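Reading the structure
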Amino acid sequence: MKSTSTWPEFLITRLIKASGYSAIVFVALIFYFLLNEGAPALFKTPLSSLLSTRWYPIENYFGLLPLISGSLIVTLGAALVAVPFGIGTAVFMSEIAPRWLREILKPLVEVLGGLPSVVLGFLGILLLAPFLRRALDLPTGLSALAGALLLGGIAVPTVVSVAEDALDSVPRSYRDAALALGATRWQTIWRVTLPAARSGVLTAVMLGIGRAIGETMAVMMVTGNAAVMPSLLALFHPARTMTATIAAEMGEVANGSLHYHVLFFIGIVLFLISLAINVTASAVVFRQKKRAERILS
Amino acid sequence: MKTARLLLCILSLIALSGCANATVPAGQPTPATAAYIENKGSDTIVNLALAWAESYQALHPEVRISVTGGGSGTGIAALINGTVDLANASRQIKAEETADALANGITPVEHTIARDAIAVIVNPQNPIQQLTLQQISDIYSGKIDNWLEVGGEDRPIVRLSRETNSGTHVYFLEQVLRLGQSDNKTLFAANTLLLPSSEGITAEVRDNPNAIGYDGLGYVTPDVKVIAVAKDASSPYIFPSAESVNAGQYPISRDLYMYTAGEPTGAVKAYLDWIVGPEAQEIVTELGFVPIKSP
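Just so it is clear, the structure is predicted and the values come from calculations on it, not from any experiment.

This part takes up the overall build of chain B. The number of helices and strands found in chain B is ten helices and eleven strands. Classification of the 295 residues of chain B by burial places 51% in the buried group. Here the analysis covers contacts within chain B between residues at least 6 apart in sequence; of these, 72% occur between residues at least 24 apart. Here chain B displays about 13,000 Å² of accessible surface, and carbon together with sulfur accounts for 54% of that area.

Set out below in structure tokens:
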């Protein structure tokens, strides 16, 4: 019995191990490639040029600041939409909605998550941007706000489904105990269930933001792609994100030119930003867990 | 645009392979020598050249035409080096290029094959009818920020442009923003909206009374308003049309050329004759350019 199961077991263990390591290998390879193609930008053009405020590559203006700030504004705006909506929906689905409603809502949210972003972008151009222009009396509806709203919509399903799973895995006894102590339903949700699921909810938020900052097509279609430095009301003005810049310009750029290397350099910046988001998130989650363990012990 | 180009590439490849494998039916005269035409140059013309090559090869399976882009300069350089039969250029050959060619024993001969015109478009609600080149330049460079300053309503101006990788963008920058002056370093205002497609520009202009945009004349749809343009304040304002472009009156237009090394002969001459003929010029209209003769 033992001898017959060893050989497949050995193989399966190795296969699982290999696929686990392959993720690391792929990330490392991608990062190596990005560095290889993007680093020459640093040597071929002075840093002061990369840190200037004008992006106009065909005349060799390679200021990245408007692109970075554009991405940050759109992503932050998207987070402001996706986090309250996403967590609210997750709380409703897991804590308040009756079972039959939940059975309907959950697949619907997942379908929403599967919508191609190009389709949303098209709706954005034809419906959202004209609506925003009229409703807010903006010069144009193609603005960071339109991008943020669309991205928020794209990120909501991610946030909902991860946060809902986290809330769902909070033991029933926590809620029962809180209610038995005389807490209202709201107090139970806000003070007990949500904090208990905190690490999962935080992961949901980070995944949502990660989805938003990497999204390209919908953003390129509705933000207007004007590389401007942010002003006070930057959310209501057009913006150009890093992803849209890469997508719009990579197709026609001459291989090996300065412009080509700068586009890869933008890729490095994007990579580092999403790495920073992930590291921060896991650091926070880790600290939370340690504290929880301390209290329990 | 891009998918169209890809499609054309694939189609011309299919056409090429088709004629390579074609078996000549018995009874028909076998073409003495399969002619091979190398065609290279301007990226503005590459789609047009591909479409022509595809149709021509369908008519004349004995001729094979290879089309590549790379830019007007690349095409002319290849002509000077004697590696292509036809160089596509969206500008006239420069004096130094002619000198280089002559030094190499090659006399470049110019053939006008089509024309390209850019229409400036606004929303139909916008009362503006006409602008001078200088005014358009000032609008796009950010000097003019309100329609009031050019005689319109009190509305902010929203500038729309194609992405920087579009040939139309570069042409508009050189001919309109910089008024064709090579030492002029005017740039688009930073808050110019760069839209990835003609459709994006049309959609926004159709909907937004603040917007101004530009596009190749062939891509303009009837639901936007085309502006009459004057070279300067003392010149007449001209609407873009095949007639005004061919008469040389409309200021934002240019001729598109093919250059040959010496007077064309044989297959190249036949091809060029076909290009200026009605069938090929119809393809010009289909691709958004202006045919050299008004229909």
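With that out of the way, let us pick up the overall build of chain A. A tally of regular secondary structure across chain A gives 13 helices and two strands. Sorting the 297 residues of chain A into buried and exposed places 42% on the buried side. Of all intrachain contacts in chain A linking residues separated by at least 6 positions in sequence, the fraction that spans at least 24 positions is 73%. In the structure as shown, chain A presents an accessible area of about 16,100 Å², 71% of it carried by carbon and sulfur atoms.

Further remarks concern the interface of chain A and chain B. Contacts between the two partners involve 27 residues from chain A and, on the opposite side, 27 residues from chain B. Taking both partners together, chain A and chain B bury about 2,200 Å²; carbon and sulfur atoms supply 57% of that area. Sorting the residues of chain A by area buried against chain B places R54(A), Y56(A) and E252(A) first, and these three jointly supply 23% of that buried surface. Where chain A touches chain B, the interface holds four salt bridges. With a closest N to O distance of 3.1 Å, R240(A) and E163(B) form a salt bridge. Our count for the contact surface shared by chain A and chain B stands at eleven residue pairs in polar contact (both at pLDDT 80 or more). When contributions to the side of chain A that touches chain B are tallied by element, the ones reaching two or more residues are helix 6 (117–136) and helix 12 (242–250) of chain A.

What follows is about the packing of helix 4 (residues 65–96) of chain A against helix 9 (residues 185–196) of chain A. Residue and element names in this part refer to chain A. Running from N to C, helix 4 and helix 9 cross one another at 110°; their axes reach a closest spacing of 12 Å. Between helix 4 and helix 9, the interaxial angle falls into the category roughly perpendicular. For the element pair helix 4 and helix 9, the recorded crossing hand is right-handed. For the pair helix 4 and helix 9, contact is made by I87, V91, E95 and I96 and by R185, I189, T193 and L194, respectively. The class makeup of the residues in the contact of helix 4 with helix 9 is five nonpolar, one polar and two charged.

Residues and elements named next belong to chain A. A cluster of nonpolar side chains, V119, F122, L123, L126 and L127, forms an exposed patch at the surface whose accessible area comes to about 460 Å². Take F122: it is sitting in helix 6. Classification of F122 by relative accessible area gives partly exposed; the value is 44%.

What follows is about the confidence of the model for chain B. Overall, the predicted model of chain B reaches an average pLDDT of 84, with 88% of residues at or above 70. Of the two predicted TM-score estimates for the complex, the pTM is 0.77 and the ipTM is 0.81.

The next subject is the side chain of S66(B). All names here are of chain B. Tracing the backbone through its elements, the reader meets S66 in strand 2 (residues 63–68). Side chain to side chain, S66 and E38 meet in a polar contact 3.2 Å long. Discounting chain neighbours no more than four positions away, the residues touching S66 are Y36, I37, E38 and N39.

As a further point, take the domain arrangement of chain B. Residues and elements named next belong to chain B. The domains assigned to chain B are domain 1 (35–115 + 255–286) and domain 2 (116–253). For domain 1 versus domain 2, the distance between C-alpha centres works out to 30 Å. At the interface, four residues of domain 1 touch four residues of domain 2. Note on domain 1 versus domain 2: buried area summed over both sides is about 380 Å², and carbon and sulfur give 49% of it. Of all residues in domain 1, the largest losses of buried area upon contact with domain 2 belong to T44, R115 and D255, amounting jointly to 87% of the total for that side. Between the two partners, domain 1 and domain 2, sit zero salt bridges. Linking domain 1 with domain 2 are one residue pair in polar contact (both at pLDDT 80 or more). In the side of domain 1 that touches domain 2, the residues fall into two nonpolar, one polar and one charged.

Quick look at the packing of helix 4 of chain A against helix 10 (residues 198–214) of chain A now. Residue and element names in this part refer to chain A. Two elements in contact, helix 4 and helix 10, have axes whose closest approach is 10 Å; the angle formed by their N-to-C orientations is 140°. In terms of orientation, helix 4 lies oblique with respect to helix 10. Between helix 4 and helix 10 lies a crossing of right-handed hand. Counting all contacts with helix 4, which are made through T75, A78, A79, V83 and I87, the residues of helix 10 involved are V201, V205, I209, A212 and I213.

Residue and element names in this part refer to chain A. Enumeration over the complete set of coordinates arrives at 21 salt bridges over all chains. R102 is paired through a salt bridge with E164; the nearest N and O atoms lie 3.1 Å apart. Note that R102 is positioned in helix 5 (residues 99–113) and E164 in helix 7 (residues 144–168), a separation of 62 residues in sequence. According to the relative accessible area criterion, E164 is buried, its value standing at 1%. Three or more residues are tied together by salt bridges with common partners; here these are R102, K106, E164, D165 and D168.

Scoring rules and cut-offs
- Residues numbered from 1 in each chain as written.
- Chains lettered and ligands numbered in written order.
- Predicted model: local features only at pLDDT ≥ 70, side-chain atom pairs only at ≥ 80, totals over all residues.
- Heavy atoms only, no water.
- Helix = DSSP H or I, 4+ residues; strand = E, 2+ residues; numbered from the N terminus.
- Buried < 20%, exposed > 50% of the residue type's maximum accessible area, 1.4 Å probe, protein only.
- Contact = heavy atoms within 4.5 Å.
- Areas by Shrake-Rupley, 256 points an atom, 1.4 Å probe, with all protein chains shown as cover.
- Buried area = accessible area lost by both parts, 1.4 Å probe.
- Salt bridge = Lys/Arg side-chain N within 4 Å of Asp/Glu carboxyl O.
- Polar contact = N/O pair within 3.5 Å; in protein donor to acceptor, adjacent residues only side chain to side chain.
- Axes fitted to C-alpha atoms, helices over the stretch in contact; angles between N-to-C directions.
- Parallel < 35°, antiparallel > 145°, perpendicular 65-115°, else oblique.
- Left-handed = near helix turned anticlockwise from the far one by under 90°.
- Nonpolar A, V, L, I, M, F, W, Y, C, P; charged D, E, K, R; others polar.
- Patch = residues over 30% accessible without salt bridge, like charges linked within 9 Å, V, L, I, M, F, W, Y side chains within 5 Å.
- pLDDT = per-residue confidence, 0-100.
- Domains from an automatic or database assignment.

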